Amino acid sequence: MENENSVTVTANRQYKSTLFCMLFRDKKSLLELYNAVNHSHYTDPEALETATLENAIYMSMKNDLAFLVDMHLNLYEHQSTYNPNMPLRDLLYVANEYQKLIKDASIYSSQLIKIPAPRFIVFYNGREARPGKEVLRLSDAYFTKDEDPELELKVTVLNINEDNNRELLEQCSTLKEYMQYVNCIRKYADMPGVTLDRAVAKAVIECIEKGILADFLRRNKAEAMSISIFEYNEAEEREKLRKAEYQGGYEDGVADGIADGIRQGIQQGIQQGIQALIADYLEEGYSEQKIIEKIEKRFGLKAEEARNYFEKY
């Protein structure tokens, strides 16, 4: 039996990857996932051409998985917290992907430039209850609603938590074992008195013993544990911020009809809104200065005030 104390790890906020990305950047596993999602039967992993954005110049953007197969550009994302802005994010991602794909062609040519059709998938495994499958639309974010919007982008969100999309999980063993590993961490992390570090260590040992991602975890034990600790912490903190933002703020003050509550609600709403903005833009790789500029513009603050909020949160 392995010793759960044999590897010491700490969470590292500099990690750009996730365990999901580590698993599916292996072409064989990625092809298995693609086949499960599309009910296809491709057998040659080399048929996949990866196209993942790695800190693209435009906005330091980085998406999880992007690849070409069968004349389609597939953009896959993993989310441990529900994000209704994925259509907008994917719009920015796919624009950069197309820019890369046609860099040697002229868009002013009289000949039509052919491009691969896009497909957008999000694999969701957060604790917030969500449907097994839902479709998010870019047009949901428009101020005005048109019956037939001239620009639309649809993202399919697949819930991969237990009791959801069982057929998908059965057809992709890597995805199934990934969720078994995540659930194992949650089981130990929810136990009273068990630290997150210890929960992750115990989960890794249990999964190796049961043959769940065993080879992967043996090869990448320290890195997998570090990433798991960071991801779990980040997901929990993000969920707390979302709940606090929903419960507090200006609207609650108005509902209570208490003037002092309104004033406190406005201030609390600003603070929580800034916290959420900082968390989101840090995740997307924005620089400190860029985030401070976003705070200034979004909340009408002076540069010094915006910087103070950034340093505080």
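Refer to the preceding data block for the structure.
Because the structure is predicted, anything quoted here is derived from the model rather than measured. Throughout this description, residue numbers start from 1 for each chain and increase along the sequence as written. The model is predicted, so local features are restricted to residues of pLDDT at least 70 and side-chain atom pairs to those at 80 or more, both for listing and for counting; the totals for chains, interfaces and linings are taken over all residues. In computing side-chain values, all of the structure's heavy atoms are included and hydrogens and water are not.

## Some words on the pairing of strand E4 (residues 117-124)
Strands are treated as partners if at least two bridges between them are detected by DSSP. The helix count covers DSSP runs of H or I at least four residues long, the strand count covers runs of E at least two residues long, and both are numbered beginning at the N terminus. The pairing of strand E3 (residues 72-79) with E4 spans eight bridges and is classified as parallel. Residue pairing across strands places Glu77 opposite Val122, the latter belonging to E4. In the classification by handedness, the crossover that spans E3, the intervening helix H3 (residues 86-101) and the parallel E4 is right-handed. In terms of strand pairing, E4 meets strand E6 (residues 154-159) through four bridges, oriented parallel. Viewed with both strands pointing away, a crossover whose connecting path from the first strand over the helix to the second turns clockwise is right-handed.

## A look at unusual backbone geometry
You will see that Met71, though not glycine, has its phi angle at about 65°, which is positive. One can find Met71 in the loop between strand E2 (65-69) and E3. Although it is not a glycine, Asn165 sits at a positive phi angle of roughly 45°. In this structure Asn165 comes out as partly exposed when scored by relative accessible area, which is 26%. Accessibility here uses a 1.4 Å probe with only protein chains present; expressed as a share of the type maximum, an area under 20% marks a residue as buried, one over 50% as exposed, and anything in between as partly exposed.

## Describing the pairing of E3
Among the eight residues in E3, eight count as buried, and that is most of the element. Residues of E3 alternate between two faces, with His72, Asn74, Tyr76 and His78 on one and Leu73, Leu75, Glu77 and Gln79 on the opposite face, all of them buried. Here E2 pairs with E3 via five bridges, running antiparallel. Looking at the pairing, Phe67 lines up with Asn74 of E3.

## Description of empty space enclosed by the protein
Note on definitions: the grid is 1 Å and covers protein atoms alone; a cavity is a set of points where a 1.4 Å probe fits but cannot get out; a pocket is an open set with protein on both sides within 12 Å along at least five of seven lines; lining residues have an atom within 4 Å of a point. Grid points are joined across faces, edges and corners, and a volume is the space filled by probe spheres set on the points. In this structure the tally under the stated criterion is one cavity of 30 Å³ or more. Of the volumes computed, that of the largest cavity is approximately 40 Å³. Residue lining of the largest cavity: Gln79, Thr81, Tyr82, Asn83, Met86, Val122, Tyr124 and Val157, and that is the complete set. Residues are grouped as follows: Ala, Val, Leu, Ile, Met, Phe, Trp, Tyr, Cys and Pro are nonpolar; Asp, Glu, Lys and Arg are charged; all remaining types, including Gly, are polar. Taken together, the residues that form the lining of the largest cavity break down as five nonpolar, three polar and no charged.

## Quick word on the packing of helix H11 (residues 288-299) against helix H12 (residues 303-312)
Axis definition: a line fitted to C-alpha atoms, limited for helices to the stretch in contact. Angles are taken between N-to-C directions and run from 0 to 180 degrees. Remark: H11 packs on H12, axes separated minimally by 9 Å, with the N-to-C direction vectors making an angle of 120°. Compared by their axis directions, H11 and H12 come out oblique. For H11 against H12, the interelement crossing comes out right-handed. Across the interface between the two elements, Glu288, Gln289, Ile291, Ile292, Ile295 and Glu296 of H11 pack against Ala303, Ala306, Arg307 and Phe310 of H12. For the contact of H11 with H12, the residue count by class is six nonpolar, one polar and three charged. Note on terminology: angles under 35 degrees are roughly parallel, angles over 145 are roughly antiparallel, angles of 65 to 115 are roughly perpendicular, and the others are oblique. Rotating anticlockwise by less than a right angle from the far helix to the near helix defines a left-handed crossing, while the corresponding clockwise rotation defines a right-handed one. Whether two residues are in contact is decided by their heavy atoms: any pair within 4.5 Å suffices.

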